[in-house]
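Working through the structure, step by step
Listed below, chain by chain, are the residues.
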Amino acid sequence: QGYTVQPYSPAAGSGLSSHELNQPGAYRDISDTSVVAQFKSIKEGLPNELINLYPFYFLAWTTTPWTLPSNTALTIGKKIKYSFVKTYNQYTKELITVVIASKLIDKIFSKIFYEVKTEKELDSYDTEKPNIPYLICHEVSGKSLENIRYERIWEESPLPLDNPENAFRVISGDFVTTEDGTGVVHTAPTFGADDAIAAKNAVPEVPPMLIYNENKELVPLVDFQGKFIDSLDEIGGKYVKNEYYSNEDVPEKSVDVEIAIKLKEQNKAFRVEKYTHSYPNCWRTDKPILYYPLDSWFIKITKVRDKMSLLKKKNFY
């Protein structure tokens, strides 16, 4: 028995197997609101070589902004090179320093951005102009970023009940790549299988965002119907995906859009845009699934594999 992240259909009220998700037509191309979020570092405990760069923000990309209130870690690759880049936030026009995988600078700093070589060029930027300068000022290995702490990105989120002092810090994971995103992975262990593994393997272990409900049971910030718990202020009681509403109740803005707008206003969003990607749907209800923590039972096939093979050879089944 385990409490693990599984594919789950709020519309059907049941978990789904990987076989069900692999049926023809389960995955479809959809357009979601994506956010490159800014996570502000905490000065206390910073390595000496990074003190002069404070304050700085880790940039992490997500196509599921609704999981950001459940963030408890940021995952980097130990062997990946990361750059500290000075620039201006395109929404607030504030001068900021951000952290991003060096190989992904060209992808994130594209379109409206252009590189400069001196502080003087950066400081002379006219914030009324559409194009924004950036200056690469430092580079480190991912290993040197481990255990740096950062501020909660969603202030209304509660603290996780299990060892909250171990949350909101940078950890490492083998699944982090420089193929896309920023090289820094927003990590919500309650809603991602890779996230949960990375959090569990961290030393000390990173707790998932779980709180007590009225029955004193540990639960995530999203219920079995796919709704945020009521205590989360303006997003409380809202479905995480508009597809879960009945036709007449669909709001004009999705929760993802609401979260993105608030982060932009608070200087916590570096880029917000639509992103087309493949996403699984429930074959029973034709609505999107969530990756959700569930009490689950598993059969350890490896324990009986040899016996099964022997029985098959003897034609017992």
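The preceding data block contains the structure.
Residues numbered from 1 in each chain as written. Predicted model: local features only at pLDDT ≥ 70, side-chain atom pairs only at ≥ 80, totals over all residues. Heavy atoms only, no water.

One open sheet accounts for 3 strands, arranged 2-1-15; its pairing is antiparallel. At either end of the open sheet lies a strand with only one pairing partner, and these are strand 2 (14–15) and strand 15 (290–296). Bridge analysis of strand 1 (residues 2–9) against strand 2 gives 2 bridges, and the strand direction is antiparallel. Note on strand 2: the bridge partner recorded for Tyr8 is Gly15. (Pairing = 2+ DSSP bridges. Helix = DSSP H or I, 4+ residues; strand = E, 2+ residues; numbered from the N terminus.)

Moving on to helix 6 (residues 255–265). For an α-helix the count is 3.6 residues per turn, leaving residues at separations of three or four pointing the same way. By the burial criterion, the buried members of helix 6 are Val255, Asp256, Ile259, Ala260, Lys262 and Leu263. Looking straight down helix 6, one finds that the buried residues subtend no more than 165° of arc, so they occupy a single side. Buried positions along helix 6 lie against strand 3 (27–40) and strand 14 (269–280). One or two residues past the end of helix 6 sits Asn267, with phi positive at roughly 60°. (Buried < 20%, exposed > 50% of the residue type's maximum accessible area, 1.4 Å probe, protein only. Arc of directions from axis to C-beta. Contact = heavy atoms within 4.5 Å.)

What follows covers the nonpolar core. Phe39, Phe56, Phe58, Tyr82, Phe109, Leu145 and Phe270 are the most contacted members of the largest nonpolar core, which totals 72 residues. The leading source of residues in this core is strand 7 (residues 95–101), at 5 residues. Every residue in contact with Phe56, bar those within four places of it in the chain, is listed here: Phe39, Lys40, Ser41, Leu46, Leu50, Phe84, Thr97, Val99 and Ile148. Within the second largest apolar cluster, 6 residues are counted, among which are Ile171, Ala199, Ala202 and Val206. (Core = buried A, V, L, I, M, F, W, Y, C linked by side-chain atoms within 4.5 Å.)

Coordinates in, geometry out; function isn't part of it.
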